[in-house]
Amino acid sequence: QVQLVESGGGLVQPGGSLRLSCVASGFFFSDHWMYWVRQAPGKGLEWVSLITHEGRSKVYEDSVLGRFTVSRDNTKNTLYLQMNNLTSEDTAVYYCAKDPTKGWGFKLTLADFGAWGQGTRVTVSP
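So, here is what we can say about the structure in this document. On a predicted model such as this, the values are computed, not experimentally measured, just so you know.

On to the state of the cysteines, then. Throughout the structure, instances matching the rule amount to one disulfide. Bridging Cys22 to Cys96, the disulfide has an S-S length of 1.8 Å. Disulfide Cys22 to Cys96: torsion about the S-S bond roughly 50°, handedness right-handed. With Cys22 in strand S3 (residues 18–25) and Cys96 in strand S9 (residues 92–100), the pair connects residues that are 74 residues apart, well separated along the chain. Each member of the pair, Cys22 together with Cys96, is buried.

Burial along strand S1 (residues 3–7) is one-sided: Leu4 and Glu6 are buried, while Gln3, Val5 and Ser7, pointing the other way, are not. Of the pairings in the sheet, the one linking S1 to S3 comprises five bridges and is antiparallel in character. Within the sheet, the bridge partner assigned to Leu4 lies in S3 and is Ala24.

Once that is clear, we can look at the sheet that holds S3. Spatially, S1-S3-S8-S7 is the arrangement adopted by the four strands of the open sheet, whose pairing is antiparallel. Each end of this open sheet is capped by a strand with a single partner; those strands are S1 and strand S7 (68–73). On average, each strand axis in the sheet is inclined to that of its neighbour by 15°, with strand direction left out of account. Pairing of S3 with strand S8 (residues 78–83) involves six bridges; the strand directions are antiparallel. Its bridge partner being in S8, Leu18 is matched across the sheet by Met83.

Inspection of every chain in the model, using the stated rule, returns five salt bridges. Between Lys98 and Asp99 there is a salt bridge, and its shortest N-O distance comes to 2.7 Å. Residue classification places Lys98 among the buried positions, given a relative accessible area of 7%. Overall, Asp99 belongs to the partly exposed group, its relative accessible area being 32%. A single network of salt bridges, built from pairs that share partners, joins Arg38, Glu46, Arg67 and Asp90.

Conventions used here
Residues numbered from 1 in each chain as written. Predicted model: local features only at pLDDT ≥ 70, side-chain atom pairs only at ≥ 80, totals over all residues. Heavy atoms only, no water. Disulfide = S-S within 2.5 Å. Helix = DSSP H or I, 4+ residues; strand = E, 2+ residues; numbered from the N terminus. Buried < 20%, exposed > 50% of the residue type's maximum accessible area, 1.4 Å probe, protein only. Pairing = 2+ DSSP bridges. Axes fitted to C-alpha atoms, helices over the stretch in contact; angles between N-to-C directions. Salt bridge = Lys/Arg side-chain N within 4 Å of Asp/Glu carboxyl O.

Following this line, the structure appears as structure tokens:
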């Protein structure tokens, strides 16, 4: 019953913007910190961002700090990631997830989370 559904990815030129969404169901969304992670071609899973229950605290990986903004609307059970000034290094499949069993910054896979979505693909290319 737990489900996370990402959307909003696509093809964008360098310097462009995208807004990703993740709709959650099957659990009490507001009781969980939420995470964005990504996997670039040929690379392992990377931490991107986290947001606390009410959105008061946010954490970003250094490479996206100042360009990405995570937010949430608990009335809609929805998580967002606004991505600005995109570069080719941002090309990846982006996943939302909850309940990690490893701490921020540690090497991980999707199986290290209690739940994750199908992902949405972001391609940054001229």
